[in-house]
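Single-letter residue listing:
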Amino acid sequence: MTGRPGRTGKGGNQAGAGDLLELVRSGRAVTRGALQQATGLSRATVGQRLDRLFRAGWLREGAGGPVGSPLGGRPSITLEFDDSHAVVLAADLDTRHARAAVLSLTGEILAEHGGTLVVEDGPEAVLGELGRWFAELLAKTGHRGGEVCGIGLAVPGPVDSETGRVVQPPIMPGWDGYDIRGRLSRAFTEHTGAPAVPVLVDNDANLMAYGEQRTGHPDCTAFVLVKVSTGIGAGVVVDGSIYRGVDGGAGDIGHIRVGADALCRCGSYGCLAAVASGGAVARRLAASGVPAASGSDVRDLLAAGHPEAAALAREAGRTVGDVLATVVTLLNPGVLMIAGDLAGTPFLTGVRELLYQRALPRSTAHLDVVTSRLGDRAGLVGAGALVVEHLYAPDRAEERLSEMGV
C-alpha cells in the first residue's frame with residue numbers, strides 16, 4: 001500500500017494519523033517500520049502521526065515482535081488499538097421486545113439487558129426507555145456516561161442512512177420520518193448527565209448481517225442474512241460493507257408478492273411476510289386453536305417440538321426458499337444465513353427444499369446455507385461495529401483528533 005492522496009482531510013497528499021490507525025486496527029501494519037513501508041512516510045513523520053494517536057489514547061505499545069534481521073537485534077515493538085479508552089452502547093428493537101448492551105470497541109458485550117418494549121407505543125416513549133436502560137447498564141459495568149463514544153440502534157424497518165430516520169415502516173406505526181437520532185441522544189443525556197454522542201441507526205437485518213459476517217465469516221465477500229420473525233427482511237454485506245440500495249430499501253424481501261391473498265400490514269395483499277413470517281405462522285396456529293400471538297410464541301412452540309408448528313414452519317420455509325432462489329441467483333452469495341424466530345430445523349429444511357430445486361446449480365455450487373451463530377446478540381454486535389467503524393474511519397478519526405486538540 002502507498003500513501004493515499006487526500007486521506008488526511010487537511011489538503012495534504014500523505015497518509016494521516018487516521019490512515020495509520022486503520023492500518024494498525026486491520027493488522028496490515030503493526031510496527032513503525034511496517035507503517036513506513038506501507039505509507040511511504042519518513043520515520044519522523046510516522047512518529048509524529050503516532051504521537052497524536054498515543055495522546056488520544058487510541059494506540060498502545062504491545063509486546064515485541066520477531067526480530068526482522070538474520071543478524072539479530074532488538075525485536076520491533078508492535079502497536080495495538082487500545083480498546084479501553086471508550087465503550088459503545090447498542091440496542092436492537094423488535095416489535096414487542098428489545099435488547100440493549102454496553103460493548104467494548106472490539107465488540108465484546110460487557111453487559112446486556114432484554115425486556116418488553118413495544119414499538120407501537122411510539123418513538124418518544126420507546127427511546128426514552130432505552131435511555132434509562134443505557135444508564136443502568138453503564139452503572140452495572142462501572143463505566144461513566146462520558147466514556148461512551150457512540151450509540152448504535154437496530155430497528156425493524158427501512159432506514160435512510162443519511163438521516164437515521166425510518167421510511168414508511170409497515171410494522172412501526174408513528175415512527176415514519178421521526179428524528180430517532182436526536183431523541184435517543186437526548187434520552188442518553190437525560191439519564192446519564194453525559195454530553196451528547198453520535199447515534200447511528202440502521203435496519204435490524206442489515207446490522208444482524210454485519211455482525212454475523214464480521215465475527216463468523218470475515219472472508220465472505222457476498223453475505224446474505226434473512227431474518228424471519230414478526231416480519232421478514234434481509235441484510236446484505238458485500239466486500240465488508242452493508243449494501244443498502246439508494247435510500248435504505250435494499251433487502252426488504254418481506255414485501256415481494258408471492259401470489260397469495262393474505263393481507264399484509266403494509267396494506268397490500270400477497271406479501272411474503274403476510275404468508276411466511278413468524279407472525280403469519282402464529283395466526284394460522286391461533287386459528288386452529290393453538291395459543292400463539294407472535295413469532296416468539298412460534299419459536300417457543302418449535303423449541304417444545306410442537307408438531308403443527310413444525311409443519312407450518314417447514315411450509316413457510318418452502319415459500320421463503322422459493323423467493324430466495326431469485327435472491328441467490330441475483331447476488332451469488334457465499335453464505336446465506338437464516339435468523340430470527342423461525343430459524344430452526346423445520347424452517348431451514350423447507351428453505352433448502354425449494355432453494356436448491358429452483359435456483360440454478362451454478363448459483364448454489366459454492367453456497368453455504370446456515371443458521372445464526374450470534375443469535376439474539378447479532379443486532380447488538382452489528383450496531384456496535386457500525387459505530388466503531390464510523391468513528392475510527394480515517395477521515396472521521398482525523399476530525400475527532402482535531403476536535404480533541406491532539
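All values reported here derive from a predicted model rather than from experimental measurement.

A short note on unusual backbone geometry
Logical step 1: Even without being a glycine, Gln168 presents a positive backbone phi close to 45 degrees.
Logical step 2: Mapping Gln168 onto the fold places it in the loop between strand 8 (165-166) and helix 5 (180-192).
Logical step 3: On the accessibility criterion, Gln168 (63% relative accessible area) is exposed.
Logical step 4: In this structure, Asp239 takes a positive phi of about 50 degrees despite not being glycine.
Logical step 5: Note on placement: Asp239 falls in the loop between strand 11 (232-238) and strand 12 (241-242).

Concerning helix 13 (residues 378-391)
The α-helix winds at 3.6 residues per turn, so residues separated by three or four positions along the chain end up facing the same way.
Logical step 1: Helix length check: helix 13 (14 residues) gives 20 Å between terminal C-alpha atoms against 20 Å at 1.5 Å per residue, within 8%.
Logical step 2: Summarising burial for helix 13: 12 of the 14 residues are buried, a large majority.
Logical step 3: Those residues of helix 13 that fall on the buried side of the exposure criterion are Ala378, Gly379, Leu380, Val381, Gly382, Ala383, Gly384, Ala385, Leu386, Val387, Val388 and Leu391.

Describing the pairing of strand 5 (residues 109-116)
Logical step 1: Here 7 bridges tie strand 4 (residues 97-104) to strand 5, and the two strands are oriented antiparallel to one another. The residue bridging Leu103 from the neighbouring strand is Ile109, located in strand 5.
Logical step 2: The turn joining strand 4 and strand 5, which pair antiparallel and follow one another in sequence, is formed by 4 residues; a positive phi near 95 degrees is taken by Gly107.

Points about the sheet that holds strand 4
Logical step 1: Taken together, 5 strands build an open sheet; the order of strands is 5-4-3-6-9 and the sheet is mixed. Both edges of this open sheet fall to strand 5 and strand 9 (199-203), since each of them pairs with a single strand only. Shown here is a sheet whose adjacent strand axes are inclined to one another by a mean of 15 degrees, direction ignored.
Logical step 2: Pairing of strand 3 (residues 87-93) with strand 6 (residues 148-155), which is carried by 6 bridges, proceeds in the parallel orientation. Directly across from Leu89, in strand 6, lies its bridge partner Ile151.
Logical step 3: Each of strand 3, strand 6 and strand 9 touches helix 6 (residues 204-216); the most contacted strand, strand 9, lies at about 100 degrees to it.

With respect to the environment of Ala125
Logical step 1: By the secondary structure assignment, Ala125 is in helix 4 (residues 123-141).
Logical step 2: Measuring from C-alpha to C-alpha, the distance between Ala125 and Gly240 comes to 34 Å, with 115 residues separating the pair along the chain.

Re the nonpolar core
Logical step 1: Residues Leu35, Leu53 and Tyr392 are the most contacted members of the largest nonpolar core, which totals 43 residues.
Logical step 2: No other element matches the 8 residues that helix 13 contributes to this core.
Logical step 3: Among all residues touching Leu53, those that are not within four sequence positions of it are Ala17, Leu20, Leu21, Trp58, Leu59 and Leu401.
Logical step 4: Counting 37 residues, the second-largest nonpolar core is a separate cluster that includes Val228, Val298, Leu312 and Val323.

Some details on the pattern of salt bridges
Logical step 1: Inspection of every chain in the model, using the stated rule, returns 28 salt bridges.
Logical step 2: When the shortest N-O distance is used, the salt bridge between Lys227 and Asp94 registers 3.8 Å. With Lys227 in strand 10 (residues 222-228) and Asp94 in the loop between strand 3 and strand 4, this pair connects stretches of sequence that are 133 residues apart.
Logical step 3: On the basis of relative accessibility, which here comes to 9%, the residue Lys227 falls in the buried class.
Logical step 4: The salt bridge partner of Arg183 is Glu190, with a shortest N-O separation of 3.6 Å.
Logical step 5: With relative accessibility at 54%, the residue Glu190 sits in the exposed group.

A word on the packing of aromatic side chains
Logical step 1: Counted according to the given criterion, the structure contains 2 aromatic pairs.
Logical step 2: With a centroid separation of 5.2 Å and an interplanar angle of 75 degrees, the aromatic rings of Phe81 and Tyr392 are classed as edge-to-face. A residue pair is termed long-range when its members are at least 10 positions apart, and Phe81 in strand 2 (residues 77-81) and Tyr392 in the loop between helix 13 and helix 14 (394-404) qualify at 311 residues.
Logical step 3: Of the aromatic side chains, those joined through ring pairs into one cluster are Trp58, Phe81 and Tyr392.

Let's talk about the side chain of Asn203
Logical step 1: Summarising the element assignment, Asn203 is placed in strand 9.
Logical step 2: Residue classification places Asn203 among the buried positions, given a relative accessible area of 13%.
Logical step 3: Among the polar contacts listed, one links the side chain of Asn203 to the backbone nitrogen of Ala205, at a separation of 2.9 Å.
Logical step 4: Setting aside residues up to four positions removed in sequence, Asn203 forms contacts with Val155, Pro156, Gly157, Pro158 and Val159.

Rules used in this analysis
- The written sequence of each chain sets the order in which its residues are numbered from 1.
- A pLDDT threshold of at least 70 governs which residues receive local features in this predicted model, and a stricter bar of 80 or more applies before side-chain atom pairs are shown or counted, although totals over entire chains, interfaces and linings include all residues.
- Hydrogens are left out, water is left out, and the side-chain values use all remaining heavy atoms of the structure.
- Labels follow the DSSP assignment, with helices taken as runs of H or I lasting at least four residues and strands as runs of E lasting at least two, numbered in each case from the N terminus.
- Burial status follows relative accessibility: with a 1.4 Å probe on protein chains alone, a residue under 20% of its type maximum counts as buried, one over 50% as exposed, and anything between as partly exposed.
- In this scheme, a helix's expected span is set at 1.5 Å multiplied by one less than its residue total.
- Two strands are counted as paired when DSSP detects at least two bridges linking them.
- Where helices are involved, their axes are fitted lines through C-alpha atoms of the stretch in contact, as for all axes, and angles between N-to-C directions lie from 0 to 180°.
- We call two residues in contact whenever any of their non-hydrogen atoms come within 4.5 Å of each other.
- Working definition of a nonpolar core: buried Ala, Val, Leu, Ile, Met, Phe, Trp, Tyr and Cys residues. They are joined through side-chain atoms within 4.5 Å.
- Every case where a carboxyl oxygen of Asp or Glu lies within 4 Å of a side-chain nitrogen of Lys or Arg is listed as a salt bridge.
- Stacked, tilted and edge-to-face are the three classes applied to pairs of Phe, Tyr and Trp rings, where Trp contributes its six-membered ring and a pair requires centres within 6.5 Å; stacked means planes under 30 degrees apart, edge-to-face means over 60, and tilted covers the rest.
- Counted as a polar contact is a pair of N or O atoms within 3.5 Å, where, for protein atoms, one must be capable of donating a hydrogen and the other of accepting one, and residues adjacent in sequence contribute only when both atoms are in side chains.

On their own, these measurements won't tell you what the molecule is for.
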